[in-house]
Amino acid sequence: MTDLFTPLSLGDLVLPNRIVMAPLTRSRATPDRVPTPMMTAHYVQRASAGLIIAEATNVAPQSNAWECAPGIFTAAQVDAWRGLVAAVHSAGGRIALQLWHGGRVAADRRDPPEAPLSPSGVNDNLDAITVWGQGPEGRFVKLAATPSRAMTTAEIEDTIAAYGRAAQAAREAGFDAVQLHAANGYLPNQFLSPYLNRRTDAWGGSPENRARFALEAVTAMLPHFAPGRVGIRISPFATINGALDPDPVPAYAHLVRKLGRRGLGWVELADSNCWSGRFDRDAMLDLVRPVFGGPVIVNGGIDPPTAQQLVAAGRAEAVSFGRLWITNPDLTARIRQGGPYTVKRISGRLYGGGPDGYNDFPTLEEERAARPA
Ligand SMILES: Cc1cc2nc3c(=O)[nH]c(=O)nc-3n(C[C@H](O)[C@H](O)[C@H](O)COP(=O)(O)O)c2cc1C
């Protein structure tokens, strides 16, 4: 029987287990978006994951979402990633990079601010946008989003090229794979949303036109990795960051069908409404399964027993965990033993700051050693 410990192939990349680390922004890079040694320590601690999908990483300076989130568009950033990836490999792990452009999910704190780029400059629901940055006392706080402006055709093409350059840089840094972040209301999701994308050119209107940006971004990434090592994360039913879509099925089915034909490595389904107690996992699987023949990774509010069931039933090929990896660096070993799991709220230290609330969660073995005999 297939279970979470059955190896899984993504093209020629073999995962020793199906326990994936979901991408998790923690804002521990420098203000110039250079990865730091504490990030290396964090991922090395979690090298037992079948695959680490490293946090959302800016593909261009115009992507100005969260402060101290990493980038991969300067030589210093690429060098730092190279060291981090080598350390994860030395620890026996595999690591993909999530390529990210925030689009209208951005806060520019310069005076005057530069308007972020978005499909149509829709700014009537800015309160729906979540962007974090350094607050007055050093703690990270939610910032007011800067109103965006519609992209020109040339800016769309430049941005697609930036995904290609980022994939090339990820390859040079030694990453095993890359994933397009097309979920959670960021730029590719903004193009997919008929509410945020009101364009009347080839980039808007029909479901096919709205899916075009995400398709072309993946197309720009494909020359740099074998198709099996390129993935996409989508959240078709999510309302996060205001990317509303009353009928997401046609655009997403078109997108995923096309990607399947190109042999894409995986689709990761982020159940981002799970935070409000609404689960769209079945609806997402019903959307994707008939049109995508490759591996599907499910995510969002899934506990390990449910993950085992989903994989055993062939409903999903793998499960990615977010919060459980934050507080359990040895999640793979804990799942193998049937738990227990550290479950802690760490608000205040999720984004920004030092190694506390980041690299100081003990393994089961460390917990046992620390317990009085
Ligand atoms: C601190 C934090 C940072 C996150 N950063 C990202 C990110 O960089 N990219 C992304 O696609 N999702 C991100 N997410 C969403 C998670 O990948 C995941 O979808 C979410 O936590 C639900 O899964 P879970 O119930 O297993 O935690 C983040 C979530 C949290 C809690």
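Scroll up a little and you will see the structure.
Report follows, based on the coordinates.

### Brief notes about the overall build of the protein chain
Helices and strands together make up the secondary structure of the protein chain, namely 11 helices and 14 strands. For the protein chain, the C-alpha radius of gyration of 19 Å lies close to 21 Å, the compact-globule estimate for 373 residues. Projected onto the principal axes, the alpha-carbon positions of the protein chain cover approximately 70 × 50 × 40 Å. Out of the 373 residues in the protein chain, the part that is buried amounts to 51%. For the protein chain, long-range pairs separated by at least 24 residues make up 76% of all intrachain contacts whose partners lie at least 6 apart in sequence.

### So, the pairing of strand 10 (residues 177-182)
Taking burial as the measure, the 6 residues of strand 10 include 6 buried ones, the bulk of the element. Of the two faces of strand 10, the one lined by Ala177, Gln179 and His181 and the one lined by Val178, Leu180 and Ala182 are each fully buried. Where strand 10 lies against strand 11 (residues 230-234), 5 bridges are found, and the strand directions are parallel. In the sheet register, Gln179 faces strand 11, and the bridge partner there is Gly231.

### A few points about the environment of Glu157
Position of Glu157 among the secondary structure elements: in helix 3 (residues 153-172). The partly exposed category is assigned to Glu157, around which 13 C-beta atoms lie within 10 Å. Between the alpha carbons of Glu157 and Pro188 there is a distance of 13 Å; along the sequence they are 31 residues apart.

### A short note on the site of the ligand
Lining the immediate surroundings of the ligand are 21 residues, of which Ala22, Pro23, Ala56, Gly322 and Arg323 lie closest. Those elements that place two or more of their residues in the shell around the ligand are strand 4 (51-58) and helix 9 (323-327). The class makeup of the residues in the shell around the ligand is 10 nonpolar, 8 polar and 3 charged.

### Some words on the packing of helix 5 (residues 207-221) against helix 6 (residues 249-261)
In the contact formed by helix 5 and helix 6, the axes pass within 8 Å of each other and the chain directions differ by 35°. The handedness of the crossing between helix 5 and helix 6 is right-handed. Residues Pro207, Glu208, Arg210, Ala211, Ala214, Leu215 and Val218 of helix 5 touch helix 6, and the partners they reach there are Pro250, Ala251, His254, Leu255, Lys258 and Leu259. For the contact of helix 5 with helix 6, the residue count by class is 9 nonpolar, 1 polar and 3 charged.

### Thoughts on unusual backbone geometry
Here the residue pair Asp111 and Pro112 is connected by a cis peptide bond, since its omega of 0° sits within 30 degrees of zero. In this fold, Pro112 is placed in the loop between strand 5 (95-100) and strand 6 (117-118). Residues Gly339 and Pro340 are joined by a peptide bond in cis, for which omega reads 5°. Within the element layout of this structure, Pro340 appears in the loop between helix 10 (331-336) and helix 11 (364-370). Not every positive phi belongs to a glycine, and Cys68 is a case in point at roughly 60°. Along the chain, Cys68 falls in the loop between strand 4 and helix 2 (75-90).

Reading the values: the criteria
- Residues numbered from 1 in each chain as written.
- Predicted model: local features only at pLDDT ≥ 70, side-chain atom pairs only at ≥ 80, totals over all residues.
- Helix = DSSP H or I, 4+ residues; strand = E, 2+ residues; numbered from the N terminus.
- Rg over C-alpha atoms; globule rule 2.2 N^0.38 Å.
- Buried ≥ 20, exposed ≤ 12 C-beta atoms within 10 Å, placed from the backbone.
- Contact = placed C-beta atoms within 7 Å.
- Pairing = 2+ DSSP bridges.
- Near = placed C-beta within 6 Å.
- Nonpolar A, V, L, I, M, F, W, Y, C, P; charged D, E, K, R; others polar.
- Axes fitted to C-alpha atoms, helices over the stretch in contact; angles between N-to-C directions.
- Left-handed = near helix turned anticlockwise from the far one by under 90°.

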